[in-house]
Amino acid sequence: MLHLTCFRAHALEFSEFSTIWLRLCSHPLTKFICAVHLSPNSSDNSKFFHYLTCKVKHILSLYPFAEISIHGDFNVHHQLWLSSFYIDHPGELAFNFAILHDLEQLVQHPTRIPDRLGDTPNIFDLFITFNPSAYAVTLSSPLGSSDHNLISIFCPTSPIPPQDPSKRRCLWRFASASWGRPEKVLC
């Protein structure tokens, strides 16, 4: 019988940003799931992605094999990555964040339905993860008067190994490295 425990990880949350962190434990797997809402009027986008980067590094320092998924309404535009008509600064930050942490975006179809003349369909709602093979994503019609499609994510609670062989993630702290002359090593 599979034993699954779920905790809200309050220590990872920061009152300045709209996030909720959950930790799911199912031997031998630990998953961290973060739900995000980034306002389209936010002026702290750089600070927000720095916050996420710090939290991912913190989690991996404690749980090197943890699976991390971050999802929600990011309100970002990126021409190549999200099929937008342009790239905005938050879109560039989101893209760089995903690349930096080797996260893959799973939502591939527009999630925002145009509701005014001149609007275009966009992918505003992201689901980024280390282990894309463990998830199945489907989009459905919006609920009520929402202008966003409903995104459903299926993920079994039993571990699904990543398609790439499991590897321990390392955090390299280049700023604190000694870049001087190498010391002689005696064998």
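Overview of the structure. Quantities reported herein were computed from a predicted structural model and do not represent experimental measurements.

### Some points on the packing of helix α1 (residues 45-62) against helix α3 (residues 89-100)
- Between α1 and α3, the least distance of the axes is 10 Å, while the angle of their chain directions is 15°. The orientation of α1 relative to α3 falls into the category roughly parallel. Regarding α1 and α3, the two cross each other, and that crossing is right-handed. Residues Asn45, Ser46, Phe49, Leu52, Thr53 and Val56 of α1 pack against His89, Pro90, Leu93, Ala94, Phe97 and Leu100 of α3.

### Looking at the nonpolar core
- Membership of the largest hydrophobic core comes to 30 residues, with the highest contact counts inside it found for Trp21, Phe48, Phe49, Ile68 and Ile70.
- When residues of this core are traced back to their parent elements, those giving at least two are β3 (29-37), α1, β4 (67-73), α2 (79-82), α3 and β6 (125-129).
- Looking at which element gives the most residues to this core, the answer is α1, with seven residues.
- Among residues more than four places away in sequence, those in contact with Phe48 are Phe17, Thr19, Val36, Leu38 and Phe74.

### A closer look at the side chain of Glu67
- Within the secondary structure, Glu67 is located in strand β4.
- The buried category is assigned to Glu67, whose relative accessible area is 6%.
- In contact with Glu67, not counting residues within four places along its chain, are Leu29, Thr30, Lys31, Phe32, Thr129, Phe130, Asn131, Ala134 and Tyr135.

### Details of α3
- Between the first and last C-alpha of α3 there are 16 Å, a value that for 12 residues agrees with the 16 Å anticipated at 1.5 Å per step.
- For α3, the full list of buried residues reads Pro90, Gly91, Leu93, Ala94, Phe97 and Ala98. Looking straight down α3, one finds that the buried residues subtend no more than 160° of arc, so they occupy a single side. For α3, the exposed residues set more than 90 degrees away from the buried face come down to His89, Ile99 and Leu100.
- Elements in contact with the buried residues of α3: α1, β4, α2 and β6.
- Here α3 starts with a cap whose side-chain oxygen sits 2.7 Å from the backbone nitrogen of Gly91, and that cap is Asp88.
- Just downstream of α3 lies Asp102, where phi reads positive at about 55°.

Criteria and thresholds
- Residues numbered from 1 in each chain as written.
- Predicted model: local features only at pLDDT ≥ 70, side-chain atom pairs only at ≥ 80, totals over all residues.
- Heavy atoms only, no water.
- Axes fitted to C-alpha atoms, helices over the stretch in contact; angles between N-to-C directions.
- Helix = DSSP H or I, 4+ residues; strand = E, 2+ residues; numbered from the N terminus.
- Parallel < 35°, antiparallel > 145°, perpendicular 65-115°, else oblique.
- Left-handed = near helix turned anticlockwise from the far one by under 90°.
- Contact = heavy atoms within 4.5 Å.
- Core = buried A, V, L, I, M, F, W, Y, C linked by side-chain atoms within 4.5 Å.
- Buried < 20%, exposed > 50% of the residue type's maximum accessible area, 1.4 Å probe, protein only.
- Expected span 1.5 Å × (residues − 1).
- Arc of directions from axis to C-beta.
- Polar contact = N/O pair within 3.5 Å; in protein donor to acceptor, adjacent residues only side chain to side chain.

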